[in-house]
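For reference, the chains in residue letters:
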Amino acid sequence: MSAIAAHAWLDVETAAELRALVEAPTAQARVRESWKYTPVLRGLNAVANVAATDSVVAGAPDGSLRVDVAPTASEMALLRERACACPPAAKLLLGARTIDRLNLDTSPASPLQLRALSPVRPLVVHIAPTVRATILDDVDGASAGWLLVCLDTAADLDFTRVRPSCPRDEWQQLQFDLADDAQLIARHYCRGAGLRRLDALVRLLGRNASATISGAWRVDAGDRLDQQWHVEHLAPGTRSEQRHHGIVADRGHTTFRGRIYIAPDCPGVEADLVNRNLLLDPGAVCNTKPELEILSDDVRCSHGATVGQLAAESLFYLASRGLDEATARTLLAAGFLNECIDGPGAETAAALLRTETDHD
Amino acid sequence: MSLIVIDNLQASVNGKPILKGLTLTIEPGTVHAIMGPNGSGKSTLSHVLAGKPGYEVTGGSVRFKGRDLLAMAPEERACAGLFLAFQYPVEIPGVSNMEFLRAAAEAQAKARGETPPPAIDMMRRLREIATELGLHTDFLKRGVNEGFSGGEKKRNEILQMTFLRPALSILDETDSGLDIDALRIVGDGVTRFLRDNPTHGVLLITHYQRLLNHIVPDVVHVLTDGRIIETGDRSLALRLEEQGYVGLVDRT
C-alpha cells in the first residue's frame, strides 16, 4: 500500500474511507458478497501501480478527448460513490490524481474505437442529450481500467467490449448512468484471464431509460472470469433486458452474478435476466447467481440461470448428418454463444470465442 | 447389390424388447412404406438404423451397401449414405441452416475422400432447393429449426435430404403435424428427389395412407409388435385405411 499517496484532491474523510476499504477489504458485508468466489486481495493486486498511460479513442471528434484532467465535483462524487463499494476501485482512485474525459456533444459520424484505457485513471465519457454514438472497446488487455459513461437525456449508445484471453490478472470497472429516455446497448464478449474480474453497474436513473445487455464468454485452460453485473432501476418505466451465455471448458472457472435492483416508487419497470452456462469438461467450474431485489409495486421481472452440458439429442442430430463428435461439439458450442453475439464487433467476437486458449 | 438388408433384427430399450425379429430388404430405386399402430416399433427401427444411443441391438444383422451397419458410428452411417428425416427435428439455435449443411456436406465429402464443392456452389444449390420447397431463402440464415413451425421443420428435413443426396432415406413420420398443403409440398419434394436420383431408396414410416398418395410406394409392410406381419403392394395401404390395423392383426 506504500505506493498510494494521499492526494489533495481527495478530501481527508474520503481518503480515509477508501484506505480502510483497501486495507480491510472484507470488513463490509457487500464486499464479502461481491467477492465470494474470487479472493479480493487478488483483485486488489490486479490494480497495478504502473506509470500512467493515456486513454486513446480513435475517431473521437477533435478536442472531445482530454487526458489527465482534474475531475469536476460531480464526476468526483460519482467516482467516490463507486469506489466506496469496491476495494480495487478504492485503490485505483487513491492512486489516481486525475481522470481522462471524453465529451461527445454531437453524434460522431462513424463508430469510435477505444484503443487504450488508462490503467491508473478513470475514463469518463459524457454523451450529450440526443447524441447517438457507437463505441467499440477492444483494448488488448489492461491490468486495470475504469470506464464510466454518462448518457444524458435521450442519448443513445451502442457499446461493445471485446477482450481476448490474457495470462495476467485484470480488474475492470464498467459503469453506465442513463438519464430520461436514454438507450444503451451493451455487449461484453471475452475470454478468460489469469483472473479477469469485471464489476459492471448500469444505473437507469431517468424515466423510460432502457438497457439491452448481452454477454458471451468462453473460459478454459485454468483461466478465471468473474463478472458482477448490477442493473439498478431507479426511475419509473425503465427497462432492462440481459442475456449472458458462457462456456467453461478444460479447467476454466467462471463466476457470474447478475443483480437487478428496483428502487421504491418505480412502477412500470420491466427487467429480464438470463444466464446460461455450458460446462464442456469435468474439471470446469461455474458459479452463477441471479438476484432480484424489488422494492416497488407494478413491475415485471424475470431472472434465471442454467448450468448444463451439450444436449445428447443435438449431438445425435448432427451425427446423423455426418458430423463427428468433435466437430459437432464445436459447432454446438459456437451456436450457443452466437445467440448472444451481434452488432459491430460480432465477427471479431465470434472468431475470438471459437478457438481454444493459446497462452498456455 | 441390395441397398439394405435387415435380417431378424431384435432391439430393446431399457431392457424391454421392441423389435422382435424384423426382416426387410430394400433395393436401389425402390420406395418401401412401413405402416403400423402406435408402439409397434416403427420409430425404434428408424433410430436403431441411424444409430441413436439408448437402443440395444440384441440379435440379427443389418447390412448397408454390403457393410455391417450396426458396427458403424452414427456419423459413419450418414457418410456412407444413410439419412434419417427426424420425426421431431432438433432445434440448434445459433447455428444457421447454411453453416450446418455446409459442415455436413464437407464432413461427408471428406469421409468419402471427395473434394467438397465450393461454398458458393453449395449456397446456390441450397437456395434452389429452398425455393422448390416453398421456403424463403432467409430460412437458410436462421438457426437450424429455431422457431420453425412443425411444417417448416419437416420441410427442412427434406431440404437436407435433397442437398446431401443420401443413398437411402428413412422418413420417420414426416407426415405428422403437416397440413394438406405442406403434405403436398413435402410429397412433391421427395418425388422430385426420387426422379433426380433414380437409384435412391426410401423407407417411409407412417401411420396414415395419405402420404402415400403423394409418394407412391413400391412395397408396403405392416409392422405390429416388432415384426412385419404382412407385405404387399400399394393396395395393402388402402386396405389398411379401410379395415384398420385391428382387422388385419385379428386375421393373421
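Because the structure is a prediction, the values reported are computed rather than measured.

Visitor: I'd love a proper account of the side chain of Arg191 of chain A, names of residues and values included.
Guide: Along the chain, Arg191 of chain A falls in strand E10 (residues 183-191). There is a polar contact of 2.7 Å between the side chain of Arg191 of chain A and the backbone oxygen of Leu352 of chain A.

Visitor: Provide a residue-level description of the environment of Ala73 of chain B, including the pertinent values.
Guide: All names here are of chain B. As for its placement among the helices and strands, Ala73 is situated in the loop between strand E5 (67-68) and helix H2 (74-80). For Ala73, a relative accessible area of 25% puts it in the partly exposed group. When the C-alpha atoms of Ala73 and Leu238 are compared, they prove to be 37 Å apart, with 165 residues separating the residues in sequence.

Visitor: How would you summarise the environment of Asp54 of chain A if you had to cite specific residues and measurements?
Guide: Note that Asp54 of chain A resides in the loop between helix H3 (40-46) and strand E1 (56-58). Among residues more than four places away in sequence, those in contact with Asp54 of chain A are Val67, Asp100, Ala116, Ser118 and Arg121 of chain A.

Visitor: I'd like to hear about the packing of aromatic side chains, residue by residue, with values.
Guide: Residues and elements named next belong to chain A. Scanning the model with the defined rule gives 6 aromatic pairs over all chains in all. For the pair Trp217 and Phe256, a centre-to-centre distance of 5.8 Å together with 15° between the ring planes defines the contact as stacked. Here Phe256 lies in strand E15 (residues 253-262) and Trp217 lies in strand E12 (residues 210-219), a separation of 39 residues in the sequence. The class for Trp217 is buried, based on a relative accessible area of 1%. When its relative accessible area of 2% is taken as the criterion, Phe256 is described as buried.

Conventions and cut-offs
Residues numbered from 1 in each chain as written. Chains lettered and ligands numbered in written order. Predicted model: local features only at pLDDT ≥ 70, side-chain atom pairs only at ≥ 80, totals over all residues. Heavy atoms only, no water. Helix = DSSP H or I, 4+ residues; strand = E, 2+ residues; numbered from the N terminus. Polar contact = N/O pair within 3.5 Å; in protein donor to acceptor, adjacent residues only side chain to side chain. Buried < 20%, exposed > 50% of the residue type's maximum accessible area, 1.4 Å probe, protein only. Contact = heavy atoms within 4.5 Å. Phe/Tyr/Trp six-rings, centres within 6.5 Å; stacked < 30°, edge-to-face > 60°.

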